[in-house]
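Understanding the architecture of this molecule
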Amino acid sequence: MKYNGNIYRPPIEANTLLLPITEGCSHNGCAFCNMYQGIPFRMLSLAEVEEYLGAIRKEYGAFAGRIQRIYLVGADPFALSAARLLERIRLIKKYLPNIKIITMYARVDNITHKSDSDLAVLKEAGVNDLYIGMECGLDDVLENLNKGYKAADIRREVSRLNAAGIHHSDLLMLGTAGKGRGAESAKAMADLENELHPNKILINTMSAFVGTRLDRDIKEGKFTPATERENLEEERDFLAALNLPDTYFWSLHPLDSVRIDGILCEKKGRDAKNPR
């Protein structure tokens with residue numbers, strides 16, 4: 001089968017089995033992103049998903065029965081209704097009976113469209129470790145990025161994931177507020193994360209990719225990006241303000257100039273136990 005578009009997954013899922021579920025992005029309007037330009041959002045049919053699963057079982061043979069984690073490919077497969085996700089989960093378990101964790105990208109408004117009972121049923125079915133694109137904790141910045149939601153929406157919906165027992169890995173970006181606002185952005189991000197208690201924090205540095213609205217705004221003088229030093233100071237201030245011992249912090253993206261990953265400590269003298 002031919003998948004329409006590039007396949008993206010979080011770097012820390014490099015060893016996880018991938019299964020296409022959607023193409024494109026249900027929002028596809030973030031000012032900084034060109035990953036899904038020209039790719040219409042589409043849910044793969046059950047027949048298509050089953051064809052992929054059949055190929056996986058054929059390729060992996062007896063080992064397929066030992067696979068416990070699977071990553072659903074797409075910008076936000078969690079956009080599917082709970083009923084449609086459960087149909088696909090039943091197929092997954094038919095071909096891969098030992099699957100324990102089903103992970104994927106999710107937008108905040110994907111959560112909004114599901115009831116608390118939907119979330120509970122999805123958790124029971126194995127949905128966990130959702131990757132949530134938050135980017136920043138400042139409302140004017142979220143609006144400028146055209147994320148489609150505010151910080152209060154993030155707090156409300158991700159708190160519902162917590163109540164359902166669904167772990168989340170929060171995706172944040174340095175430099176989103178622009179020049180001179182790093183300290184303000186760091187505080188807003190830390191306040192958000194301290195309240196929401198993510199399982200993991202994944203952070204990278206915002207970059208202006210060709211063809212994006214962010215790229216045009218910079219060229220037209222509508223947005224002044226932070227300097228590299230400001231981005232690093234923002235990351236330092238963010239780490240210093242976090243109160244999340246035992247949360248995994250990941251900053252190993254190719255766009256990050258300083259590579260850090262490890263478990264956050266209670267002591268503020270060091271940012272992480274295993275800085276690189």
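Below is a summary of the structure that appears in this document. (Residues numbered from 1 in each chain as written. Predicted model: local features only at pLDDT ≥ 70, side-chain atom pairs only at ≥ 80, totals over all residues. Heavy atoms only, no water.)

1. Side note on the overall build of the protein chain
Helix and strand content of the protein chain: 9 helices and 10 strands. The C-alpha radius of gyration computed for the protein chain amounts to 19 Å, which stays within 12% of the reference 19 Å derived for 276 residues, consistent with globular compactness. When its C-alpha atoms are laid out on the principal axes, the protein chain stretches across 55 × 45 × 35 Å. Counting across all 276 residues of the protein chain, residues that qualify as buried make up 50%. Look at the contacts in the protein chain between residues 6 or more apart in sequence, and 76% of them connect residues 24 or more apart. Approximately 12,800 Å² of the protein chain is accessible, and the part contributed by carbon and sulfur atoms is 50%. (Helix = DSSP H or I, 4+ residues; strand = E, 2+ residues; numbered from the N terminus. Rg over C-alpha atoms; globule rule 2.2 N^0.38 Å. Buried < 20%, exposed > 50% of the residue type's maximum accessible area, 1.4 Å probe, protein only. Contact = heavy atoms within 4.5 Å. Areas by Shrake-Rupley, 256 points an atom, 1.4 Å probe, with all protein chains shown as cover.)

2. Regarding the layout of surface pockets
If a probe as big as a water molecule is rolled over the atoms, it shows which places are left empty. Volume-wise, the largest pocket comes out at about 960 Å³. Along the walls of the largest pocket sit 41 residues, with F32, C33, M35, Y105 and N204 positioned nearest its centre. Elements that contribute at least two residues to the lining of the largest pocket include exactly β5 (101-106), β6 (130-135), β7 (168-174) and β8 (200-205). Top contributing element to the lining of the largest pocket by residue count: β8, with 4 residues. (1 Å grid on protein atoms, 1.4 Å probe; cavity = no way out; pocket = protein on both sides within 12 Å on 5 of 7 lines; lining within 4 Å. Points joined across faces, edges and corners; volume = space filled by probe spheres on them.)

3. Some words on helix α4 (residues 116-125)
Of all the positions in α4, only L119, L122 and A125 are classed as buried. In a view along the axis of α4, the buried residues occupy a sector of 125°, so they form one face of it. Turned more than 90 degrees from where α4 packs its buried face, D116 and E124 sit exposed. The secondary structure elements touched by the buried residues of α4 are α2 (82-95), β5, α3 (108-112) and α6 (151-164). (Arc of directions from axis to C-beta.)

4. A short note on the pattern of salt bridges
Should their charged atoms come close, side chains of opposite charge can pair. Under the definition given, this model contains 21 salt bridges. Of the charged contacts in the structure, one is a salt bridge between E13 and R69, with a shortest N-O distance of 2.7 Å. Of this pair, E13 sits in the segment before β1 (17-20) while R69 sits in strand β4 (residues 69-73); the two residues are 56 residues apart in sequence, bridging distant segments of the chain. The class for E13 is buried, based on a relative accessible area of 2%. Taking relative accessible area as the criterion, R69 reaches 23% and is therefore assigned partly exposed. In this structure, D140 engages R181 in a salt bridge whose closest nitrogen and oxygen atoms are separated by 2.7 Å. Of the two residues, D140 is situated in helix α5 (residues 139-144) and R181 in the loop between β7 and α7 (182-196); the sequence distance between them amounts to 41 residues. (Salt bridge = Lys/Arg side-chain N within 4 Å of Asp/Glu carboxyl O.)

5. Considerations on empty space enclosed by the protein
Taken as a whole, this structure holds 1 cavity of 30 Å³ or more when the rule is applied. Residue lining of the largest cavity: Y3, N4, G5, N6, Y8, G24, M35, Y36 and I39, and that is the complete set. Counted by class, the lining of the largest cavity contains 5 nonpolar, 4 polar and no charged residues. (Nonpolar A, V, L, I, M, F, W, Y, C, P; charged D, E, K, R; others polar.)

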